[in-house]
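One-letter residues, chain by chain:
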Amino acid sequence: MIQVGDKHFEEYLTADQIQSCVKELARQIDNDFASKDLLILGILNGAFLFVADLVKYMTIDPEISFLKFASYEGTTSTGKVHDLIGVNEDLAGKHVLIVEDIVDSGTTLAHIMNILKSKNATSISTATLFFKPEAYQQKIALQYIGKEIPNLFVVGYGMDYQGKGRNLTELYQLKP
Ligand code: 5GP
Ligand code: MG
């Protein structure tokens with residue numbers, strides 16, 4: 001058990017288990033985008049570690065950039081999504097892969113999709129390391145899912161609680 005801020009968390013996935021998920025996703029993306037112009041758009045802050053590991057395991061040569069906004073305050077999704085920063089790339093002719101750390105309600109993803117769909121990308125697909133199917137409220141299909149997890153707040157591997165815990169190499173679940 002560990003403490004982050006005022007809360008206690010239990011280990012849910014080891015660093016090795018996470019890396020296996022990341023490797024498997026890299027293999028699938030490699031296969032699907034071989035000889036295509038791929039632009040990876042990581043969603044900050046949470047996806048910074050995932051994107052860094054994912055692209056190291058990939059053998060294709062994508063462009064890599066990041067978008068940023070936040071919908072999370074404390075341990076429950078607020079449903080509020082703020083402005084998106086960093087959509088200054090020309091997406092015409094590119095295959096865009098949105099890379100998320102975790103998809104919960106899907107509000108963030110829906111908002112990103114709305115903004116990106118007017119940018120003339122050849123295709124837009126999504127990769128998320130973790131997915132909470134019980135919390136998901138959107139119809140957008142997710143092409144690459146590392147692992148489905150229960151609807152409990154997690155911290156580690158890029159994901160924070162009150163700004164802390166992002167550098168943990170394992171994934172921890174809030175003790176119910
Ligand atoms: P959504 O908009 O799908 O409800 O939430 C998406 C964003 O909220 C994710 O990109 C992530 O940054 C954050 N988030 C969702 N679930 C969790 C969680 O269990 N723990 C942490 N630390 N962040 C989460
Ligand atoms: Mg995120």
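Small disclaimer: the values here were computed from a predicted structure and weren't measured.

Regarding the sheet that holds strand E11 (residues 171-174)
Part 1 of the argument: The strand order E1-E2-E11-E10 describes an open sheet built from four strands, whose pairing is antiparallel. Pairing within the sheet leaves two strands with one partner each, and these edge strands are strand E1 (2-4) and strand E10 (154-155).

Observations concerning the pattern of salt bridges
Part 1 of the argument: In this structure the tally under the stated criterion is six salt bridges.
Part 2 of the argument: Here glutamate 10 and lysine 175 are joined by a salt bridge, their closest N and O atoms 3.1 Å apart. Of the two residues, glutamate 10 sits in strand E2 (residues 7-13) while lysine 175 sits in the segment after E11, which places them 165 residues apart along the sequence.
Part 3 of the argument: A relative accessible area of 36% places glutamate 10 in the partly exposed class.
Part 4 of the argument: The class of lysine 175 is partly exposed, set by a relative accessible area of 37%.
Part 5 of the argument: Here lysine 56 ties to aspartate 53 by a salt bridge, and the two come within 3.6 Å at their closest N and O atoms. Taken together, the positions of lysine 56 and aspartate 53, both in helix H2 (residues 48-57) and three residues apart, correspond to about one turn of that helix.

Structural notes on the site of ligand 1
Part 1 of the argument: In the vicinity of ligand 1, 18 residues are found, and the nearest of them are Glu100, Ser105, Thr108, Lys132 and Val154.
Part 2 of the argument: Glutamate 100 places a side-chain nitrogen or oxygen 2.7 Å from an oxygen atom of ligand 1.
Part 3 of the argument: At 3.5 Å, a backbone N or O of threonine 107 approaches an oxygen atom of ligand 1.
Part 4 of the argument: Compared with its free state, where it exposes 510 Å², ligand 1 has 93% of that area covered by protein.
Part 5 of the argument: Within the residue set of the shell around ligand 1, elements represented by two or more residues are strand E7 (95-103) and helix H3 (107-116).
Part 6 of the argument: Top element by residues in the shell around ligand 1 is E7. It accounts for four residues.

Section: the packing of aromatic side chains
Part 1 of the argument: Taken as a whole and judged by the stated rule, the model has four aromatic pairs.
Part 2 of the argument: Between phenylalanine 131 and tyrosine 136, the aromatic rings sit 5.1 Å apart at their centres with planes inclined by 75°, giving edge-to-face as the arrangement.
Part 3 of the argument: Residue class for phenylalanine 131 comes out buried when judged on its relative accessible area of 8%.
Part 4 of the argument: Arranged with centres 6.0 Å apart and planes meeting at 75°, the rings of phenylalanine 153 and tyrosine 161 form a pair that is edge-to-face. Like phenylalanine 153, the residue tyrosine 161 is buried in the burial classification.
Part 5 of the argument: These aromatic residues form a ring-pair network of at least three members: Phe9, Phe153 and Tyr161.

Rules and cut-offs
Residues numbered from 1 in each chain as written. Chains lettered and ligands numbered in written order. Predicted model: local features only at pLDDT ≥ 70, side-chain atom pairs only at ≥ 80, totals over all residues. Heavy atoms only, no water. Pairing = 2+ DSSP bridges. Helix = DSSP H or I, 4+ residues; strand = E, 2+ residues; numbered from the N terminus. Salt bridge = Lys/Arg side-chain N within 4 Å of Asp/Glu carboxyl O. Buried < 20%, exposed > 50% of the residue type's maximum accessible area, 1.4 Å probe, protein only. Near = heavy atom within 4 Å. Polar contact = N/O pair within 3.5 Å; in protein donor to acceptor, adjacent residues only side chain to side chain. Areas by Shrake-Rupley, 256 points an atom, 1.4 Å probe, with all protein chains shown as cover. Phe/Tyr/Trp six-rings, centres within 6.5 Å; stacked < 30°, edge-to-face > 60°.

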